[in-house]
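Each chain is listed here by its residues.
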Amino acid sequence: QFFKFLLIMKFTTFILTAIVNSELTLGQPSFPPYTQQCRDDAGPPFVDDAPGTLYHDGSAAFPVLKDGSCANPIQSACSSRGDAKTAYLEGPLQCNGNGW
């Protein structure tokens, strides 16, 4: 009786785990859609990007700017990067030694 109970519990756990896992991933695109290659790997990073484009070109990401200006810690990046989206995604941040 006890072994039958354990077998049923094991089977139930297996089925529930399979259901939960399939619900979490069902219909989700594989992530990421571009390479996450490390610098130690052979070849350059983002080898699938077209020349002259940034990895985030065409993405839905956009910065939320207060009064059209970058936040203080990112202002120098906004000046040097050319646009706020690139500055917010790539930095660098200036936090005056207070972490990021």
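Asker: Just checking my understanding: could you explain the state of the cysteines for this structure?
Answerer: Note on terminology: a disulfide is the covalent bond linking the sulfur atoms of two cysteines. Following the criterion strictly, the structure yields one disulfide and no others. Residue pairing for Cys 70: its cysteine sulfur links by disulfide to Cys 78, the two sulfurs lying 1.8 Å apart. As the torsion about the S-S bond is roughly -95 degrees, the Cys 70-Cys 78 disulfide counts as left-handed. The exposure classification of Cys 70 matches that of Cys 78, with both residues buried.

Asker: I tried to follow the pattern of salt bridges on my own but got confused; where do I start?
Answerer: Proximity of charged atoms lets side chains of opposite charge pair with each other. Under the criterion given, the structure shown has one salt bridge. A salt bridge links Glu 90 to Arg 81, with the nearest nitrogen and oxygen atoms 3.1 Å apart. Given a relative accessible area of 28%, Glu 90 falls into the partly exposed group.

Asker: Explain the packing of aromatic side chains to me, please; I cannot follow it from the model alone.
Answerer: Geometrically, a pair of aromatic rings is defined through the distance of the ring centres and the angle of the planes. With the rule as written, the count across this model stands at one aromatic pair. With a centroid separation of 6.1 Å and an interplanar angle of 65 degrees, the aromatic rings of Phe 2 and Phe 3 are classed as edge-to-face. What makes Phe 2 exposed here is its relative accessible area of 53%.

Asker: Whenever I open this one, the nonpolar core confuses me. Can you help?
Answerer: Side chains of a nonpolar character, in soluble globular proteins, are inclined to be buried together. Counting residues in hydrophobic clusters, the biggest one holds six residues: Cys 70, Ile 74, Ala 77, Cys 78, Ala 84 and Ala 87. If sequence neighbours within four positions are ignored, Ala 77 has contacts with Ala 87, Gly 91 and Pro 92.

Definitions and limits used
Residues numbered from 1 in each chain as written. Predicted model: local features only at pLDDT ≥ 70, side-chain atom pairs only at ≥ 80, totals over all residues. Heavy atoms only, no water. Disulfide = S-S within 2.5 Å. Buried < 20%, exposed > 50% of the residue type's maximum accessible area, 1.4 Å probe, protein only. Salt bridge = Lys/Arg side-chain N within 4 Å of Asp/Glu carboxyl O. Phe/Tyr/Trp six-rings, centres within 6.5 Å; stacked < 30°, edge-to-face > 60°. Core = buried A, V, L, I, M, F, W, Y, C linked by side-chain atoms within 4.5 Å. Contact = heavy atoms within 4.5 Å.

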